[in-house]
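Residue-level structure breakdown
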Amino acid sequence: AVVSTQSGHYGRGAEFSGLAKECNATNIGQGFPDFPCPEFLQAEVSKAIAKPSANWYTRTQGHPALVQALATEFSPLFHRDINPMTEIVTTVGAYEAIFCSIAALVNEGEEVIVIEPHFDCYKDDMAICGGKLVRVPLRCTGDATLAKNWKLDPKEFEGAFSERTKAVLLTTPHNPIGKIFTTDELEYIGSVCAKHDVIIISDEVYERVVFGDNKHVRIGSLPGMWERTITIGSAGKTFSVTGWKIGWAIGPQHLITQLQHVSSCTTFTAPTPLQEAVAGGFNHERSIAHTEDAYFKWLPAKLEDNCRKLAEAFRSVGMIPVWPDGGYFMLVDTSPMGWDFTEVKSGRYYDVDCVKWLTREFKLATIPISVFYGEANRHLSAKYIRVCCAKSDETIDKACSIISQLKKSK
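Residues numbered from 1 in each chain as written. Predicted model: local features only at pLDDT ≥ 70, side-chain atom pairs only at ≥ 80, totals over all residues. Heavy atoms only, no water.

**Here we look at the overall build of the protein chain**
Helices and strands together make up the secondary structure of the protein chain, namely 13 helices and 14 strands. The globule rule puts the C-alpha radius of gyration for 410 residues at 22 Å, and the 21 Å found for the protein chain is close to it. Projected onto its principal axes, the C-alpha coordinates of the protein chain cover approximately 65 × 50 × 40 Å. Across the 410 residues in the protein chain, those meeting the buried criterion constitute 59%. Taking all contacts inside the protein chain whose residues are at least 6 apart in sequence as the whole, residues at least 24 apart take part in 73%. For the protein chain, the computed accessible surface area is about 16800 Å², with 52% contributed by carbon and sulfur atoms. The positive charge centre, built from 42 side chains, and the negative charge centre, built from 48, are 3 Å apart in the protein chain. (Helix = DSSP H or I, 4+ residues; strand = E, 2+ residues; numbered from the N terminus. Rg over C-alpha atoms; globule rule 2.2 N^0.38 Å. Buried < 20%, exposed > 50% of the residue type's maximum accessible area, 1.4 Å probe, protein only. Contact = heavy atoms within 4.5 Å. Areas by Shrake-Rupley, 256 points an atom, 1.4 Å probe, with all protein chains shown as cover. Lys, Arg positive; Asp, Glu negative; His and termini not counted. Charge placed at Lys NZ, Arg CZ, Asp CG, Glu CD.)

See the structure below:
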C-alpha cells in the first residue's frame, strides 16, 4: 500500500513543527521534553559506551540487559513472572512497537478499532498493512473541563465490532486528552474484546506521568487479559529522552514472537549502547524507588506543576483548560475568546487556523486537535488546541507570558 504524503501524521509533523521553527516560536505543542536528560542516565550512557560489547550489534529481539531489566521492572506490575527472552521485544521507539504490532497481526481487509482522538501514526500504519481503522470517539459526559469525563459510549463501542475486527488500539494515559482509563473502564473494554476474541494493543508510553490520586492500571494485568494484550512502552517518555528512540512491547509469547520477527526484518536491532543505558536507568531507579530522589516521583510532580501553570495562564485570559489525569498533554478550549478565522478562507478547520495564527502572530506553537480525528468525528474537536506540559521552566514561563497577552475578540 502507498501512504499519501497528505496523511494526518505527515501533515502534522511537517506542517506545524516546520511553522514553529520558521517563526522561532515557543513550542508547547509537540511532545518532546526540552529539559536536560537526568544525570544518572547521562552516567549510564558514558558507562555503556566504554564497554566494547555495548558498541556491537546486539540480540535482535532485545538487548539482554534491557529485556532482563524490563522483566524485573514489569513482572510485579503484571502479577506474573515475565520471560525476558520470549515475552518482551525492544524496538526503535514505541513508534516501531506500534507498527510491528499492526504489521504482525493485521491482515489486509481486517479491522482495528481505535478510540479517538488518537495518535496519528495509527492511521498510516494501518494503511501500509492494508487494514481498516474503525474509529469510536470519546464523548464528554458531565463536566467537560475534566479529562476523566470524556468516555466511551458503550453502544457505539460495541457496535464497532464485526467479524473482520482483529484488534482494539487503546491509549492510556491518553494522547491528546490526558484521560487515564479507570479499572472499571478497562474491565469493560476487556470484556467486549474477550467476547469477540480480539487482541488489545495498549499504548502506555505515558505510564509514569500520573497526576494526583489517579492510578495507571495496565489492562494486560487484569484477569484474563494477558493472553490477548500487547503492552507498549517507551524509554523516551519514561526518562524524558525522546530522541533515544528505545521502546518495547510486552505480552504473551504467541504474540510477541510475531513482533520479534517483524522487527528483525525491519530495523534489525535498536542501538546497543542506548539499550544498555536504559537498562542501567531502570536498575538505578529501582534502587532509589522509595526515596525522594526517585525520578519516577519527580517527573509526574513536575509535569503536573507545569500543567497547573499553563492552565492558570489560559484561564486568566478566558480560555478553558481540560484538566488531565496524567500524560504529557492538556486540551484547551479557545471558544470563549470569540476568535473568527472565516476570512482566512483556508478550507481547514478552525483549530488549524487558530494554531497557525497563534504561531505566526504570537510566536506560540500549539497543536490542533482535529488532526487526531477521522473525517466523520472531526467536528468533535470543536475549538480545542493541545499543549504539552513536558517542558523546561524557561519554556513554560515564556509560554505563560505570551498567553497573558491574548485578548478576546470585541
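**Observations concerning the environment of Glu-304**
Along the polypeptide, Glu-304 turns up in helix 11 (residues 295-316). Between the C-alpha atom of Glu-304 and that of Val-210, which follows or precedes it by 94 residues, the distance is 8.4 Å. Each residue touching Glu-304, except ones within four places of it in the same chain, is listed here: Phe-211, Gly-212 and Trp-323.

**Quick notes on the packing of aromatic side chains**
For the coordinates displayed, the defined rule picks out 25 aromatic pairs. With centroids separated by 5.9 Å and ring planes inclined at 85°, the aromatic side chains of Phe-35 and Trp-298 adopt a geometry described as edge-to-face. Taken together, the residues span a long stretch of sequence, with Phe-35 in the loop between strand 1 (26-27) and helix 2 (39-49) and Trp-298 in helix 11 at a distance of 263 residues. Here Phe-35 falls in the buried class, since its relative accessible area comes to 12%. The class of Trp-298 is partly exposed, set by a relative accessible area of 39%. (Phe/Tyr/Trp six-rings, centres within 6.5 Å; stacked < 30°, edge-to-face > 60°.)

**Concerning helix 2**
All of the buried residues in helix 2 are Phe-40, Leu-41, Glu-44, Val-45 and Ala-48. All buried residues of helix 2 fall inside an arc of 145° around its axis, so they share one side. Residues of helix 2 that are exposed and point over 90 degrees away from its buried face: Glu-39 and Ser-46. Against helix 10 (272-287) and helix 11 lie the buried residues of helix 2. (Arc of directions from axis to C-beta.)

**Focus: empty space enclosed by the protein**
Counted by the stated rule, this structure contains two cavities of 30 Å³ or more. Along the walls of the largest cavity sit Phe-16, Leu-19, Ala-20, Asn-27, Gly-29, Gln-30, Val-355, Thr-359, Ala-365, Thr-366 and Ile-367, which together make up its complete lining. Of all elements in the fold, only helix 1 (8-22) and helix 12 (350-362) reach the threshold of two or more residues within the lining of the largest cavity. If you tally residues by element for the lining of the largest cavity, the top one is helix 1, at three residues. (1 Å grid on protein atoms, 1.4 Å probe; cavity = no way out; pocket = protein on both sides within 12 Å on 5 of 7 lines; lining within 4 Å. Points joined across faces, edges and corners; volume = space filled by probe spheres on them.)

**Side note on the sheet that holds strand 5 (residues 150-152)**
Strands sit in the order 2-9-8-7-6-3-4-5 across an open sheet of eight strands; the sheet is mixed. Looking at which strands have only one partner, the edges of the open sheet turn out to be strand 2 (88-91) and strand 5. Averaged over all pairs of adjacent strands, the angle between their axes in this sheet comes to 25°, without regard to strand direction. Relative to strand 6 (residues 165-171), strand 3 (residues 111-116) is paired through four bridges, and the arrangement is parallel. Across the sheet, the residue bridging to Val-112 is Ala-167, located in strand 6. Docked against the sheet, helix 4 (residues 93-105) engages strand 2, strand 6, strand 7 (199-203), strand 8 (229-234) and strand 9 (247-250), running at close to 160° with respect to strand 8. Most of the contacts of helix 9 (residues 253-266) go to strand 2, to which it runs at about 25°, and overall it touches strand 2, strand 7, strand 8 and strand 9. (Pairing = 2+ DSSP bridges. Axes fitted to C-alpha atoms, helices over the stretch in contact; angles between N-to-C directions.)

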